[in-house]
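Understanding the architecture of this molecule
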Amino acid sequence: MLVLDSGRSIRANHSVAFPSRLLFLDTETLPYQVNASVVHKFHLGWTRFVDLGAELVIRRDIWKSWNSARELCSYIDSRVTEKSAVYLFTHNAFFDLQAIGFFQYFAKRLWT
């Protein structure tokens, strides 16, 4: 069990249900030289949100392209509800999430 700094624990997942809300994410970056280092900055992104109903039938299938990392983070935030998990799929999760400023964006909104 993971315990956050606040002492509140994250409960274990006991679900055996198939994920029904899927968000696929891909980003492209452009390299910039900063002193002796190369920094990758967000250039564009794509998302596909799939909402599966009974019998795994697709109820919603929404493709979007993004030129703004902030708007992309806002969109991810809008897909999340209190009572339903969203499963995020990426090729390289840490790189893609870092490229869009995910960690800073959600930390400011007190996500833990």
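It should be emphasised that the depicted structure is a prediction, and the values quoted were computed from it without experimental measurement.

Thresholds, definitions, all that
- Going along each chain's sequence as written, the residues are numbered from 1 onward.
- This being a predicted model, a pLDDT of at least 70 is required before a residue's local features are given, and a value of 80 or more before pairs of side-chain atoms are given or counted; all residues contribute to the totals for chains, interfaces and linings.
- Side-chain descriptors were evaluated using all non-hydrogen atoms of the structure, hydrogens and water having been removed beforehand.
- Helix and strand assignments come from DSSP, with helices taken as H or I runs of at least 4 residues and strands as E runs of at least 2, each series counted from the N terminus.
- Exposed residues in this analysis have more than 50% of their type's maximum accessible area, buried residues have under 20%, and partly exposed residues fall in between, with area computed by a 1.4 Å probe over protein chains only.
- Side-chain rings of Phe, Tyr and Trp (the six-membered ring for Trp) are treated as a pair once their centres are within 6.5 Å; stacked means planes under 30 degrees apart, edge-to-face means over 60, and tilted covers the remaining angles.
- Two conditions define a charge sitting above a ring: the NZ of Lys or the CZ of Arg must be within 6 Å of the ring centre, and it must be within 35 degrees of the ring normal.
- The arc refers to the directions leading from the helix axis to the C-beta atoms.
- Contact between two residues is taken to exist if any of their heavy atoms lie within 4.5 Å; hydrogens are not considered.

1. A few points about unusual backbone geometry
Phi is positive for E55, close to 60 degrees, though the residue is something other than glycine. Considering the arrangement of structural elements, one finds E55 in the loop between β4 (37-52) and β5 (58-66). Phi is positive for L56, close to 60 degrees, though the residue is something other than glycine. As for its position among the elements, L56 is in the loop between β4 and β5. By relative accessible area, which is 47% here, L56 ends up partly exposed.

2. Examining the packing of aromatic side chains
Applying the stated criterion across every chain yields a total of six aromatic pairs. Centre to centre, the rings of W66 and Y75 are 5.1 Å apart; their planes meet at 45 degrees, and the pair counts as tilted. Each member of the pair, W66 together with Y75, is buried. Linked through ring pairs, F94, F102, F103, Y105 and F106 together constitute an aromatic cluster. The ring of Y105 carries R109 above its face, with NZ or CZ at 3.7 Å from the centroid.

3. Focus on helix α1 (residues 69-79)
All buried positions along α1 are accounted for by A69, L72, C73, Y75, I76 and R79. Along the axis of α1, the buried positions cluster into a sector of 155 degrees, meaning they face one direction only. Of the residues in α1, the exposed ones pointing more than 90 degrees away from the buried face are R70 and E71. On the buried face of α1, the contacting elements are β3 (21-34), β4, β5, α2 (93-99) and α3 (102-108).

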